[in-house]
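These are the residues of each chain, in order.
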Amino acid sequence: MRPEVTIEPFRPYQVPLLLALAAKEGWKCGQWEFDFLLESFGQGCWVARHNQHVAGFVTSVKYGKSGWIGNLLVRAELRGQGLGRFLMEQAIASLDRAGTETIWLTASQAGRPLYEKLGFRAIDRITRWRGCGTVHGRDLPQESALELIEELDCLAWGDNRSPIIGKIAELGTVIGAADGFCMVQGSETALQLGPWCCRSLPAAENLLEQALTMMGRGDVFLDVPDSNGNAAFILRKRDFTPCGGTVLMYRGASPAYRSQLIYALATMGSIG
């Protein structure tokens, strides 16, 4: 790496700048995600500088024996110079030092070759779906049995992700059923559905209906594993359409990944 490129810890005061960079890329992420990442695993969040100016950043988070790398972004005019690899290596090293056994990420087709060179392997494809809510109905009560939600999420992903689940439950609305749960998150521009896990198709359909009724009219987004055909089936029934996609990849120990339980990821790329 050339001497004009340096790397430093990602600091809270830099969040507005990096949110602005992300918005230019069309990313759907909010202040809370960066706050959570910096608080939970600040040692794995990095900023690169080129000639003293912010050139890019990457974030990561650890939970259980797993971790997730997200928000890798390099300014368009500086791409192709190795900055992305430099940032990725820093994030991987941070997670390795923390004892992480499996590292996850979602990759664009453009980014996939870099990740493969760093030891990541594809395990699934993730499709982003877009739809809308129905006429606004009654507010739904928040599910109180958080330990049952965490248990199902752990079964789906093969690890305990309670810090993530707890934070999203705190900020959003949780809809629960005997065989599953889903969470509704708000943002400045749209609503997101996820995490969403279910043991049965009827439970998933019921939760989707409740969520869309609660959301009211407006754009709704969610990221869904392609290998869960039931998810695509019920989304198409509600006139959702695909609007993009990524590749789900992992590095390290093979995960106990059960995509048939996963109807939507928790966030759109930054946490999993």
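Read on for an overview of the structure. In this text, all values refer to a predicted model and were calculated from it rather than measured experimentally.

## Overview of the packing of aromatic side chains
No. 1: The full count for this structure, using the stated rule, is 12 aromatic pairs.
No. 2: Measuring from ring centre to ring centre gives 6.0 Å for Phe10 and Phe57, while their planes differ by 70°; the resulting arrangement is edge-to-face. Within this pair, whereas Phe10 is found in the loop between strand S1 (5–9) and helix H1 (15–24), its partner Phe57 is found in strand S3 (residues 53–63), the two being separated by 47 residues in sequence.
No. 3: A relative accessible area of 0% places Phe57 in the buried class.
No. 4: Their ring planes at 15° and their centres at 6.4 Å tell us that Trp68 and Trp104 sit as a pair that is stacked. With Trp68 in strand S4 (residues 66–74) and Trp104 in strand S5 (residues 102–107), this residue pair connects regions lying 36 residues apart in the sequence. Each member of the pair, Trp68 together with Trp104, is buried.

## Structural notes on the pattern of salt bridges
Note on pairing: side chains with opposite charge can pair once their charged atoms come close.
No. 1: Under the counting rule described, the total for this entry stands at 10 salt bridges.
No. 2: We note a salt bridge from Asp223 to Arg128, for which the minimum N-O separation is 2.8 Å. A residue pair is termed long-range when its members are at least 10 positions apart, and Asp223 in strand S10 (residues 219–225) and Arg128 in strand S6 (residues 121–132) qualify at 95 residues. Just as Asp223 is buried, Arg128 falls in that class too.

## Side note on the state of the cysteines
No. 1: Applying the stated criterion across every chain yields a total of zero disulfides.
No. 2: Free of any disulfide, Cys132 has its nearest neighbouring cysteine sulfur in Cys243, separated by 13 Å.
No. 3: Overall, Cys132 belongs to the partly exposed group, its relative accessible area being 42%.

## A few points about H1
No. 1: For H1, the full list of buried residues reads Val15, Leu18, Leu19, Leu21 and Ala22. The arc that holds every buried residue of H1, seen down its axis, measures 160°, which confines them to one face. Of the exposed residues in H1, those oriented more than 90 degrees away from the buried face are Pro16, Ala23 and Lys24.
No. 2: Tucked inside the fold, the buried residues of H1 contact helix H2 (31–41), strand S2 (46–50), S3 and S4.

## A short note on helix H8 (residues 229–237)
No. 1: Along H8, the positions that sit buried rather than exposed are Ala231, Ile234 and Leu235. Down the axis of H8, the buried side of the element spans an arc of 105°, and every buried residue falls inside it.

## Here we look at the environment of Phe41
No. 1: As for its position among the elements, Phe41 is in helix H2.
No. 2: Residue Phe41 is classed as buried on the basis of its relative accessible area, which comes to 3%.
No. 3: The spatial distance from the C-alpha of Phe41 to the C-alpha of Arg112 is 24 Å, given a sequence separation of 71 residues.

## With respect to the side chain of Gln14
No. 1: Relative to the elements of secondary structure, Gln14 occurs in the loop between S1 and H1.
No. 2: Its relative accessible area of 4% is what places Gln14 among the buried residues.
No. 3: For Gln14, the side chain forms a polar contact with the side chain of Glu8, separated by 3.2 Å.
No. 4: Not counting chain neighbours up to four residues away, the residues in contact with Gln14 comprise Glu8, Pro9, Val47, Arg49 and Val54.

About the criteria used
Residues numbered from 1 in each chain as written. Predicted model: local features only at pLDDT ≥ 70, side-chain atom pairs only at ≥ 80, totals over all residues. Heavy atoms only, no water. Phe/Tyr/Trp six-rings, centres within 6.5 Å; stacked < 30°, edge-to-face > 60°. Helix = DSSP H or I, 4+ residues; strand = E, 2+ residues; numbered from the N terminus. Buried < 20%, exposed > 50% of the residue type's maximum accessible area, 1.4 Å probe, protein only. Salt bridge = Lys/Arg side-chain N within 4 Å of Asp/Glu carboxyl O. Disulfide = S-S within 2.5 Å. Arc of directions from axis to C-beta. Contact = heavy atoms within 4.5 Å. Polar contact = N/O pair within 3.5 Å; in protein donor to acceptor, adjacent residues only side chain to side chain.

By themselves, these figures tell us nothing about what the structure is for.
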